[in-house]
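A look at the structure
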Amino acid sequence: DQGEVSATPQLFDVEYLAPVQIGTPPQTLNLNFDTGSSDLWVFSSETPQQSRGGQKIFEIEKSSSAQRLANNTWAISYGDGSRSSGNVYLDVVSVGGVNVFNQAVESATSVSSSFISDAASSGLLGLAFDKLNTVKPSKQKTFITNALESLELGVFTANLKKSEPGNYNFGFIDETEFTGPLNYVDVDSSDGFWAFQATGYSVEGASGNGTGSPVVPIAHNAIADTGTTLLLLPAGINQAYYRQVKGAKEDPQAGGWTVPCKADLPDLTLHIGSYKAVIPGELILFAPIDTDDIKTAKTCFGGMQSSAGMPFAIYGDVFFKAQFTVFDVENGKLAFAPK
Ligand SMILES: CCNC(=O)c1c(-c2ccccc2)csc1NC(=O)CNCCc1c[nH]c2ccccc12
């Protein structure tokens, strides 16, 4: 079996939503596919009215196949301070035609403000390892773990794009979505994340001769995380990069590095083993912060920010807009390729 779903960016590419069918008859909700967590949770008929902000909800009572997982609850909190919690149901879940029966669908009875104010997202579909699932007392499996035995190939892939729909594929690798060979890297899933070792970085244009600065070996632990918007890297890489950009500054008021919206940003190359992952400079230009109109805005928030205070670097959506990525569940590997 195999399937493909579109991944549609929300304003300023802050997140990407994909359609998921839940229950009988199927109810389609747009969820945030998140390789940085392992709970499939949704706004539902159990979410209090005052905790809803216009999201489409999963109407549990209208699904003839929904069964309450008695005496089980879930509660998740993310590093940005957001959180949600509730009850657990088992139901049929389909993604791009890939069907999973008895998938844990976690119904929210409480959600924090950042989720309430995100009207487009009806919840998250976790694609990290089962170890991170928060259901107690019986930890539940993710959609990809449950789908694995029915998939042609034990993989899923991410192909996100700047300001236009990309896609997630399940069970196959579409060679037309990337160029050149796939570069496989080892994954350490012991903490439940798609974690890998990056060996260093270089900044194109640093020496002005176009071949980029020499590789600076700031090796760092990183995770591949489609649920995080930006590229969060060690402070030293941020300093070396933004030093090349006239008008760039680290502004605590803005919450991090800002650049002039008209800046010509150099490319950033992230060295992962022998693989050079090039992040084009224009992807490191993120949302305007002084007005909502990027054409007139003077100051923009950087698409790369510091990972200081975090347990590892986080390769978020900015990275996946530049690099086609294979999450090889079968073999516990990641693979990257330019596109
Ligand atoms: C900023 C979101 N990312 C994190 O908190 C995070 C951290 C993390 C840990 C400490 C400090 C900062 C971040 C480690 S792994 C990791 N990744 C995830 O947690 C992935 N899931 C994010 C879901 C999520 C949290 N707040 C949102 C708001 C909109 C859409 C999605 C979300």
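Residues numbered from 1 in each chain as written. Predicted model: local features only at pLDDT ≥ 70, side-chain atom pairs only at ≥ 80, totals over all residues. Heavy atoms only, no water.

1. A word on the pattern of salt bridges
Counted by the stated rule, this structure contains three salt bridges. With a shortest N-O distance of 2.8 Å, Lys321 and Asp13 are connected by a salt bridge. Taken together, the residues Lys321 in helix H4 (residues 317-322) and Asp13 in the loop between strand E1 (3-9) and strand E2 (16-22) connect sequence positions 308 residues apart. Judged by its relative accessible area of 5%, Asp13 is buried. Glu59 is the salt-bridge partner of Lys62, the closest N and O atoms lying 3.4 Å from each other. A relative accessible area of 27% means that Glu59 is categorised as partly exposed. (Salt bridge = Lys/Arg side-chain N within 4 Å of Asp/Glu carboxyl O. Helix = DSSP H or I, 4+ residues; strand = E, 2+ residues; numbered from the N terminus. Buried < 20%, exposed > 50% of the residue type's maximum accessible area, 1.4 Å probe, protein only.)

2. A short note on the sheet that holds strand E18 (residues 268-272)
Sheets are built from strands paired through backbone hydrogen bonds, the pairs being either parallel or antiparallel. Spatially, E13-E18-E19 is the arrangement adopted by the three strands of the open sheet, whose pairing is antiparallel. At either end of the open sheet lies a strand with only one pairing partner, and these are strand E13 (200-203) and strand E19 (275-279). For this sheet, the mean inter-axis angle between neighbouring strands, taken without regard to orientation, is 25 degrees. Strand direction decides the pairing type here: E18 and E19, joined by five bridges, are antiparallel. By the bridge assignment for E19, Ile272 is matched with Tyr275. Packed onto the sheet, helix H3 (residues 235-242) meets E13 and E18 and runs at close to 10 degrees relative to E13. (Pairing = 2+ DSSP bridges. Axes fitted to C-alpha atoms, helices over the stretch in contact; angles between N-to-C directions. Contact = heavy atoms within 4.5 Å.)

3. Thoughts on the packing of aromatic side chains
This structure, assessed with the given rule, holds 23 aromatic pairs. Ring centres of Phe193 and Phe312 lie 5.0 Å apart, and the angle between their planes is 70 degrees; on these two criteria the pair is classed as edge-to-face. Placement of the pair is Phe193 in the loop between strand E11 (183-186) and strand E12 (195-198) and Phe312 in the loop between strand E22 (304-306) and strand E23 (313-315), with a sequence separation of 119 residues. Relative accessible area serves as the criterion here: at 16%, Phe312 is assigned to the buried category. Relative to Phe320, the ring of Phe319 lies with its centre 5.6 Å away and its plane at 85 degrees, an arrangement referred to as edge-to-face. Judged by its relative accessible area of 0%, Phe320 is buried. (Phe/Tyr/Trp six-rings, centres within 6.5 Å; stacked < 30°, edge-to-face > 60°.)

4. Some remarks on unusual backbone geometry
Negative phi values dominate among residues other than glycine, just as trans dominates among peptide bonds. Across the junction of Thr24 and Pro25, the peptide omega takes the value -10 degrees, indicating a cis bond. Following the sequence through the fold, Pro25 ends up in the loop between E2 and strand E3 (27-34). Cis peptide bonds are those with omega within 30 degrees of zero, and the linkage from Lys136 to Pro137 qualifies with 0 degrees. Phi at Asp13 is positive, roughly 60 degrees, even though this residue is not glycine.

5. So, the environment of Phe58
Note that Phe58 resides in the loop between strand E4 (40-42) and strand E5 (67-77). Residue classification places Phe58 among the buried residues on the basis of a relative accessible area of 1%. Residues Phe58 and Ala222, 164 residues apart in the sequence, show an inter-C-alpha distance of 34 Å. Aside from chain neighbours lying at most four places away, what touches Phe58 is Ile22, Gln27, Leu29, Val42, Phe43, Ser44, Ser45, Ser63, Asp91 and Val105.

6. Remarks on the site of the ligand
Around the ligand there are 18 residues in total, and Asp34, Gly79, Asp80, Asp225 and Thr228 lie nearest to it. Contact between the ligand and Asp34: a nitrogen atom at 2.6 Å from a side-chain N or O atom of the residue. Here an oxygen atom of the ligand and a backbone polar atom of Gly79 are 2.7 Å apart. Considered on its own, the ligand offers 640 Å² of accessible surface; in the complex 80% of this is hidden by protein. (Near = heavy atom within 4 Å. Polar contact = N/O pair within 3.5 Å; in protein donor to acceptor, adjacent residues only side chain to side chain. Areas by Shrake-Rupley, 256 points an atom, 1.4 Å probe, with all protein chains shown as cover.)

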